[in-house]
Amino acid sequence: MISSPPIELGEKLYAAMRGKTYESFDVIAMAEDISAYARSTEDFNPIRYDPEAARAAGYADIVAQPTYLLSLAAKRGHSSLALGAFGFTPDHTLYGQQDFECYRPVCAGDRLKCEQRIAEVMEKKNGTRLFVITEMLWSDPEGAPVALTRQTLIVPLRDREKAA
Amino acid sequence: MNPTTELKIGQVLTAEHPLRLSKERIAEFAETSGDASIVHLDDQAARDFGFPKALAHGLLGMTLAGRLLTDHFPQHQLRQFSSRFIAMTFVDDVLRCEAVVTGLRDADEGRSAAFSLKAINQNGEIVMTGAALVALAPANDQQEIFP
């Protein structure tokens with residue numbers, strides 16, 4: 001069973017978590033990664049594999065799925081980073097929701113900067129669930145935003161469930 | 001494809017192919033997604049955590065919804081895309097997905113369509129709900145056609 005985190009929970013911790021930012025990282029979207037990701041999700045749209053097809057559709061190069069950005073962060077350990085810094089581990093957390101604001105598609109060769117922060121921390125369901133919302137802002141070298149990804153992680157507080 | 005004028009509120013778009021969350025599919029996605037948690041790859045490990053068998057990645061269901069949208073609309077018209085993972089998915093589940101037009105709006109920045117999304121498993125249970133906003137006639141597209 002997903003375990004309760006061995007952490008002293010409360011407003012003091014949540015205040016420290018809110019607004020916390022992490023060191024940004026830079027990454028290049030690689031054509032072969034974009035295609036491999038698409039294949040692993042059974043998305044066979046030619047714009048994910050064939051540069052000519054992508055260009056014919058008006059893009060600079062092959063086009064990544066929106067969710068591909070999350071793999072770039074996960075492969076650098078940034079998915080679990082936000083909570084790990086506060087003592088939470090993946091076995092404490094459930095993936096509740098994922099949101100994307102898409103400003104433009106990501107194409108092969110795109111150079112991206114990712115800046116991650118904790119946007120919100122709140123208890124819900126009579127204090128038996130901790131919701132932690134992290135945001136990653138992805139931008140190009142000119143500073144123009146490419147996408148905003150927002151992850152809602154849910155920490156079940158089993159001890160409180162039992163007490164309730 | 002120019003679905004701009006044809007969309008109607010209540011219209012349903014359905015993913016042509018279901019997504020089978022086979023062991024191989026999950027293992028491959030574990031590699032490409034960067035999430036190779038043991039609960040996705042090993043039934044016994046999943047049972048140790050209290051699950052009946054290996055868990056599929058919630059994001060796999062989201063990619064099915066994404067594909068439904070980007071197969072129907074050029075990807076640069078996708079503005080917002082959200083999924084809520086309301087039930088767990090497991091190895092050997094088969095997911096289907098649909099999008100329903102919930103709103104059509106004309107605004108200064110162009111016409112857009114709002115969708116509700118859902119993914120359903122082989123037992124008819126909704127495992128994921130979501131929403132999307134798609135621009136239908138972006139001003140810059142028209143400029144390209146009429147320079």
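Conventions used here
- Residues numbered from 1 in each chain as written.
- Chains lettered and ligands numbered in written order.
- Predicted model: local features only at pLDDT ≥ 70, side-chain atom pairs only at ≥ 80, totals over all residues.
- Heavy atoms only, no water.
- Helix = DSSP H or I, 4+ residues; strand = E, 2+ residues; numbered from the N terminus.
- Buried < 20%, exposed > 50% of the residue type's maximum accessible area, 1.4 Å probe, protein only.
- Contact = heavy atoms within 4.5 Å.
- Areas by Shrake-Rupley, 256 points an atom, 1.4 Å probe, with all protein chains shown as cover.
- Patch = residues over 30% accessible without salt bridge, like charges linked within 9 Å, V, L, I, M, F, W, Y side chains within 5 Å.
- Salt bridge = Lys/Arg side-chain N within 4 Å of Asp/Glu carboxyl O.
- Lys, Arg positive; Asp, Glu negative; His and termini not counted.
- Charge placed at Lys NZ, Arg CZ, Asp CG, Glu CD.
- Phe/Tyr/Trp six-rings, centres within 6.5 Å; stacked < 30°, edge-to-face > 60°.
- Buried area = accessible area lost by both parts, 1.4 Å probe.
- Polar contact = N/O pair within 3.5 Å; in protein donor to acceptor, adjacent residues only side chain to side chain.
- Core = buried A, V, L, I, M, F, W, Y, C linked by side-chain atoms within 4.5 Å.
- pLDDT = per-residue confidence, 0-100.
- Disulfide = S-S within 2.5 Å.
- Axes fitted to C-alpha atoms, helices over the stretch in contact; angles between N-to-C directions.
- Parallel < 35°, antiparallel > 145°, perpendicular 65-115°, else oblique.
- Left-handed = near helix turned anticlockwise from the far one by under 90°.
- Nonpolar A, V, L, I, M, F, W, Y, C, P; charged D, E, K, R; others polar.
- Pairing = 2+ DSSP bridges.

A. Here's a closer look at the overall build of chain B. Within chain B one finds five helices and six strands. Each helix and strand of chain B, ordered N terminal to C terminal, gives the series β-β-α-α-α-α-β-β-β-β-α. Here chain B, with 147 residues, has 48% of them falling under the buried criterion. Residue pairs at least 24 apart in sequence account for 65% of intrachain contacts in chain B once pairs closer than 6 positions are excluded. Looking at chain B as shown, the accessible area adds up to about 7,300 Å², and 51% of this sits on carbon and sulfur atoms.

B. Region of interest: a negative patch on the surface. On the surface, Glu24(B), Asp42(B), Asp43(B), Asp48(B) and Asp92(B) cluster together into a patch of negative charge. Tracing the chain through its elements places Asp48(B) in helix α3 (residues 43-48).

C. Examining the packing of aromatic side chains more closely. One pass over the full model with this rule turns up six aromatic pairs over all chains. An angle of 55° between the planes, with centres 5.7 Å apart, marks the rings of Phe73(B) and Phe115(B) as tilted. Highlighted residues: Phe73(B) in the loop between α4 (58-72) and β3 (78-85) and Phe115(B) in strand β5 (residues 110-120), separated in sequence by 42 residues. Assessed through its relative accessible area of 4%, Phe73(B) is described here as buried. Taken together, the ring pairs connect Tyr37(A), Tyr68(A) and Phe29(B) into an aromatic cluster.

D. Quick look at the interface of chain B and chain A. Chain B puts 33 residues into the contact, and the matching count from chain A is 33 residues. Both faces combined, the contact of chain B with chain A buries some 2,700 Å², and carbon together with sulfur accounts for 51% of it. When the buried area of chain B at its contact with chain A is split by residue, Thr32(B), Phe49(B) and Gln75(B) rank highest and sum to 21% of it. Applying the counting criterion to the chain B and chain A interface returns one salt bridge. Glu42(A) is paired through a salt bridge with Arg25(B); the nearest N and O atoms lie 2.8 Å apart. Between the two partners, chain B and chain A, sit 16 residue pairs in polar contact (both at pLDDT 80 or more). Contributions of two or more residues to the side of chain B that touches chain A are made by β2 (19-20), α1 (23-33), α4 and β3 of chain B.

E. Layout of the nonpolar core. Formed by 56 residues in total, the largest nonpolar core has its most connected members in Leu112(A), Trp138(A), Phe81(B), Phe115(B) and Leu117(B). Phe115(B) has contacts with Leu7(B), Leu13(B), Leu69(B), Phe73(B), Ala99(B), Val100(B), Val101(B), Thr102(B), Gly130(B), Ala131(B), Ala132(B) and Val134(B), leaving out every residue within four places of it along the chain. Ile7(A), Met17(A), Tyr22(A) and Val132(A) belong to the second-largest nonpolar core, a separate cluster that totals 15 residues.

F. Representation of the confidence of the model for chain B. Residue and element names in this part refer to chain B. Looking at chain B, the pLDDT average stands at 90 and 90% of residues meet or exceed 70. Taken as a whole, residues 141-147 scores under 50 in pLDDT and shows three contacts with residues more than four places along the chain or in a different chain. Both scores are available for the predicted complex, with the pTM at 0.91 and the ipTM at 0.91.

G. Just the pattern of salt bridges, in detail. As enumerated under the stated definition, the model contains 13 salt bridges over all chains in all. One salt-bridge network, in which partners are shared between bridges, spans Glu11(A), Arg18(A) and Glu120(A).

H. Here's a closer look at the state of the cysteines. Residue and element names in this part refer to chain A. Under the definition given, this model contains zero disulfides over all chains. Of all cysteine sulfurs in the structure, the one in Cys102 sits closest to Cys114, which takes part in no disulfide; the separation is 15 Å. Assessed through its relative accessible area of 1%, Cys114 is described here as buried.

I. Local environment of the packing of helix α2 (residues 31-40) of chain A against α1(B). Across the interface, α2(A) lies against α1(B) with an axial gap of 9 Å and an inter-helix angle of 155°. Taken together, the axes of α2(A) and α1(B) lie roughly antiparallel to each other. Like other packed secondary-structure pairs, α2(A) and α1(B) cross with a definite hand, here left-handed. Contact residues: Ala36(A), Tyr37(A), Arg39(A) and Ser40(A) in α2(A); Arg25(B), Glu28(B), Phe29(B), Thr32(B) and Ser33(B) in α1(B). By residue class, the composition of the contact of α2(A) with α1(B) is three nonpolar, three polar and three charged.

J. Structural view of the environment of Leu104(B). Residue and element names in this part refer to chain B. Mapped onto the fold, Leu104 is located in strand β4 (residues 94-107). Taking relative accessible area as the criterion, Leu104 reaches 27% and is therefore assigned partly exposed. Sequence separation between Leu104 and Leu7 is 97 residues, and the spatial gap between their C-alpha atoms is 8.3 Å. Not counting residues up to four positions away in its chain, the partners in contact with Leu104 are Leu7, Lys8, Ile9, Arg111, Ser112, Ala113 and Leu136.

K. View of the pairing of strand β4 (residues 129-139) of chain A. Residues and elements named next belong to chain A. Burial analysis of β4 places nine of its 11 residues in the buried class, the great majority of the element. Across 11 bridges, strand β3 (residues 111-124) lies against β4 in antiparallel orientation. Along β4, the bridge assignment pairs Met122 with Phe131. Hairpin geometry of β3 and β4 is characterised by an intervening segment of four residues between the two adjacent antiparallel strands and by a positive phi of about 50° at Lys125. In textbook terms, the turn of a hairpin is the stretch between consecutive antiparallel strands, and for β4 and strand β5 (residues 145-156) this stretch comprises five residues, one of which, Gly143, has a positive phi near 90°.

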